[in-house]
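# Chains, contacts and geometry: an overview
Next come the chains, spelled out residue by residue.
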Amino acid sequence: MKVSSNGLLVNSGEGERKAINSELWHACAGPLVSLPPVGSLVVYFPQGHSEQVAASMQKETDFMPNYPNLPSKLICILHNVTLHADAETDEVYAQMTLQPVSKYDKEAILASDMGLKQNKQPAEFFCKTLTASDTSTHGGFSVPRRAAEKIFPTLDYSMQPPAQELVARDLHDNSWNFRHIYRGQPKRHLLTTGWSVFVSTKRLFAGDSVLFIRDEKSQLLLGVRHANRQQSALSSSVISSDSMHIGILAAAAHAAANNSPFTIFYNPRASPAEFVIPFSKYNKAMCTQVSLGMRFRMMSETEESGVRRYMGTITGISDVDPARWKNSQWRNLQVGWDESTAGERPSRVSVWEIEPVVTPFYICPPFFRPTFPRQPGMPGIAAPTGVLVTNSATNNQQ
């Protein structure tokens, strides 16, 4: 096991292998994914974790065992993060070790603050959803001109036709050789020789995505994202389906009762939303008074791995699952979206995912830094005299 420059333990699956490139991992995970730094405070939502497992297994969340003594959230120290990529599907996921805490120090809070300022996404990359032509055995991969000029080495246009050999490495540190050529009528950038082998080996089809990045060392790297074809998000080589749905909440419940470490798996492409939230991000959101009719913006990923803001309105505040997770802040905001094209946007979100359009009314000072929670995962945080943080941002409206 190795530790990367950003403090992440990295591994690529079976046995000891070379470290996964963190920039490539984050590019494959998506533009909105940023894992909290090791040693920082986080808030873990087992309800969100169970939703990931349900989505992975194409089941409803009510199939999960119920643990009535498990709080809807746990404040934890993040001890380590291990980056993984599935050997069969190239799906990226992270293994995290969390430990519930009843008290924490200033350093942990500062680490949580710093995590919000880190940008782990690569500066230079492009992502393309594959067409039927891109995945056929004839021709090759058509590369957008601006992407080819930005990411690939400069072609010698005095050659007829301009061409070069490219070598790119994947998440498992395997090398792939392609011929990059500029030809056709009209002229376009193509990857030809070597491309069909890559497509067949990675089992790519139209609708899947391929991304190329040039990392901080100017290495050319590539990754893939498979479209949702009802496949398991985590393969059996990682963790069995049985242990996933039987074990995850049991481990969290035991950890909550004993303040002991426990391990979770987070798959950003399978989860409806992140369920391990930086404490500073959560705390700021809890200091914001939300109300019915409030206008907000929310960042969302676009098809080619870009981001854009969608506008919406809060239409309701209620528990997603009042029987199993009463008074939970997890996705308890019902929302309506402005655009008819926003049909794929979620109908429920969490308050830390949104940005109020107008300056919000804060129910506690913006720079407030709490010291001790009353009990791991329970509502309410003991604060300096005269300041109280509760989940009144949600409860006052119910």
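A few points on the structure. Values in this document were obtained by computation on a predicted structure and should not be read as measured data.

Thresholds, definitions, all that
- Residues numbered from 1 in each chain as written.
- Predicted model: local features only at pLDDT ≥ 70, side-chain atom pairs only at ≥ 80, totals over all residues.
- Heavy atoms only, no water.
- Phe/Tyr/Trp six-rings, centres within 6.5 Å; stacked < 30°, edge-to-face > 60°.
- Helix = DSSP H or I, 4+ residues; strand = E, 2+ residues; numbered from the N terminus.
- Buried < 20%, exposed > 50% of the residue type's maximum accessible area, 1.4 Å probe, protein only.
- Lys NZ or Arg CZ within 6 Å of the ring centre and 35° of its normal.
- Contact = heavy atoms within 4.5 Å.
- Polar contact = N/O pair within 3.5 Å; in protein donor to acceptor, adjacent residues only side chain to side chain.
- Pairing = 2+ DSSP bridges.

### Some details on the packing of aromatic side chains
Within the structure shown, the criterion is met by 21 aromatic pairs. Plain terms: the ring middles of Trp195 and Phe198 are 5.4 Å apart, the flat faces sit at 35° to each other, and that makes the pair tilted. Placement of the pair is Trp195 and Phe198 together in helix α5 (residues 195–201), with a separation of 3 residues, close to one helical turn. A relative accessible area of 1% means that Phe198 is categorised as buried. Through a chain of ring-to-ring contacts, the aromatic side chains of Phe126, Phe141, Phe152, Trp176, Phe178, Trp195, Phe198 and Phe212 assemble into a single cluster. The side chain of Arg308 reaches across the aromatic face of Tyr310, ending 4.1 Å from its centre.

### Description of helix α1 (residues 22–29)
Of all 8 residues in α1, 8 are buried; the element is thus mostly enclosed. Turning to α1, its buried residues are Ser22, Glu23, Leu24, Trp25, His26, Ala27, Cys28 and Ala29. Where α1 is buried, its residues touch β4 (74–85), β5 (92–100), β8 (163–169), β11 (209–214) and β12 (220–225). Measuring from the backbone nitrogen of Glu23 back to the side-chain oxygen at the start of α1 gives 2.9 Å, which picks out Asn21 as the cap. Just downstream of α1, Gly30 is the residue with a positive phi angle, here 130°.

### Some thoughts on the sheet that holds strand β17 (residues 333–337)
Pairing in this open sheet of 5 strands is antiparallel, and the strands run β18-β17-β16-β15-β19 from one edge to the other. The sheet is open, and its two borders are formed by β18 (348–349) and β19 (355–356), each paired with just one other strand. Of the pairings in the sheet, the one linking β17 to β18 comprises 2 bridges and is antiparallel in character. Bridging from a neighbouring strand, Leu333 pairs with Val349 of β18.

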